[in-house]
Amino acid sequence: MPDELLTIGAFARRARLSPKALRLYDELGLLPPVRVDPQNGYRYYAPAQLEQAQLVAWLRLLGMPLARIRTVCGLPAAEAATEVAAYWARVEDDTASRRRLAAFLVDHLNGTTGKDHEPMTVPPTTPLTLCCAAASDTGLVRESNQDTAYAGPGLLAVADGFGAAGALAGSLAVEALKPVAGRAAGTRAPGQGDVLNALADAVTEANRSVEGLADAGSGTTLTALLWTGSTAVDSMALVHVGDSRAYLLRGGELFRITQDHSHVQSLVDEGRLTEDEAAAHPQRALLTRALDGRADSRADVTLQQVRPGDRYLLCSDGLSVVIAEETLRQTLLTAEHPDVAVRELVVLARRAGGPDNVACAVADVAESGC
């Protein structure tokens, strides 16, 4: 071994990185050692690699995902600088969006706990109505439609089936929620805790229904909103599993209120991918959670505080993957009625090539009838 090569420990100390980080960077092709001992697997680095190690460390301090760092490190200096500037501009845009989301969450939580101020703009006895519509479309590439969209009394739901019996799996999942919606909409509506428990039971039942289809490799995502009352202090229950999504349009801003249960989302959470990279990733359809008949299948069940003027969108990835969130926001902002909104969203997906089935459902929280 040439004398000038450094062991991984010595290189880590000089680069102010941990050996664990160096091993990860090697696996990703960011900073491979110049030599690996064939007998013991020890890694050795050249002093000339310290500059790139420092660059990687600085880019990580910026929060840049490792996949993008790999791109930057492979560019000439001037192009790398342009890439860093573009990344930071995106960070500033994202920070502004998160600032708005933080304000929304503070407002939402204060409304839930009653602290600081009362966010409702109407008396708590003001009757509220849920006006909704749903649409599903095969798209321009697939031969059959495995997406399900439903909008009915007190229930909004989207399911994206997969496998040979995916359409049936999605339909079974939505059907399992309808009895809960009927009970919640009754003259003596159950309490919110009862609704959440009933929803969790319904999801368990839906998963049992799908179990018989598991041999065909079939299952479904499920994202649904259940209306729990009729006054301004009431809320909607949200159930979610998979990579279909729920959005809330409030005060002109669009907020995603679900987290994808997918492989690429886990990579985004770890900082390995950006949202843009995730959207184009070849494994973006690989789910980490779904209703597929397995005993450990589960869904997130939470409450959403409602306000008059809120507009909700549920959609499968056949819409969210091909249409930018800003376009979704503008469409939801300008469409006069949920019926109009879902029709326009389907048209947008088809204009974008319609590579997948599309399901979407839109609901408005209104102070008067639809």
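Before any of the text, the structure's been laid out above.
Moving on, we get to helix H2 (residues 19-27). Restricting attention to buried positions, one finds in H2 the residues Ala21, Leu22, Tyr25 and Asp26. Here the buried residues of H2 occupy an arc of 140 degrees about the axis, which is enough to place them on one side. For H2, the exposed residues lying more than 90 degrees away from the buried face are Lys20 and Glu27. Residues of H2 that are buried in the fold lie against helix H1 (8-15), strand E3 (43-45), helix H3 (50-61) and helix H4 (66-73). Remark: Gly29 follows H2 within two positions and exhibits a positive phi of approximately 75 degrees.

The next subject is helix H12 (residues 338-351). If you check H12, its first and last C-alpha atoms are 20 Å apart, about what 14 residues at 1.5 Å a residue would give, namely 20 Å. Residues Pro338, Ala341, Val342, Leu345, Val346 and Ala349 constitute the buried set of H12. Buried residues of H12, viewed axially, fall in a sector of 130 degrees; they line one side. Opposite the buried face of H12, by more than 90 degrees, sit the exposed residues Arg343 and Arg351. If you follow the buried residues of H12, they end up packed against strand E4 (129-137), strand E13 (311-315), helix H10 (317-320), helix H11 (325-334) and strand E14 (358-366). Within two residues after H12, Gly353 carries a phi angle of roughly 110 degrees, on the positive side.

A few words on the side chain of Arg329. Tracing the backbone through its elements, the reader meets Arg329 in helix H11. Accessibility expressed as a relative area gives 16% for Arg329, which makes it buried. Sequence-distant contacts of Arg329, defined by excluding residues within four places in its chain, comprise Leu249, Gly252, Glu253 and Leu254.

What follows deals with the pairing of E13. For a regular strand, side-chain orientation follows a simple rule: the groups alternate between the two sheet faces. Of all five residues in E13, five are buried; the element is thus mostly enclosed. Alternating positions in E13 separate into two faces, Arg311, Leu313 and Cys315 on one and Tyr312 and Leu314 on the other, with burial throughout. Taken together, the five bridges between strand E10 (residues 245-250) and E13 define a ladder with antiparallel strand orientation. By the bridge assignment, Arg245 is partnered in E13 with Cys315. As paired strands, E13 and E14 are joined by five bridges and run antiparallel to one another. Bridge pairing links Tyr312 to Ala363 in E14.

Calculation rules
- Residues numbered from 1 in each chain as written.
- Predicted model: local features only at pLDDT ≥ 70, side-chain atom pairs only at ≥ 80, totals over all residues.
- Heavy atoms only, no water.
- Buried < 20%, exposed > 50% of the residue type's maximum accessible area, 1.4 Å probe, protein only.
- Helix = DSSP H or I, 4+ residues; strand = E, 2+ residues; numbered from the N terminus.
- Arc of directions from axis to C-beta.
- Contact = heavy atoms within 4.5 Å.
- Expected span 1.5 Å × (residues − 1).
- Pairing = 2+ DSSP bridges.

Such coordinate-based values are descriptive only and should not be taken to indicate function.
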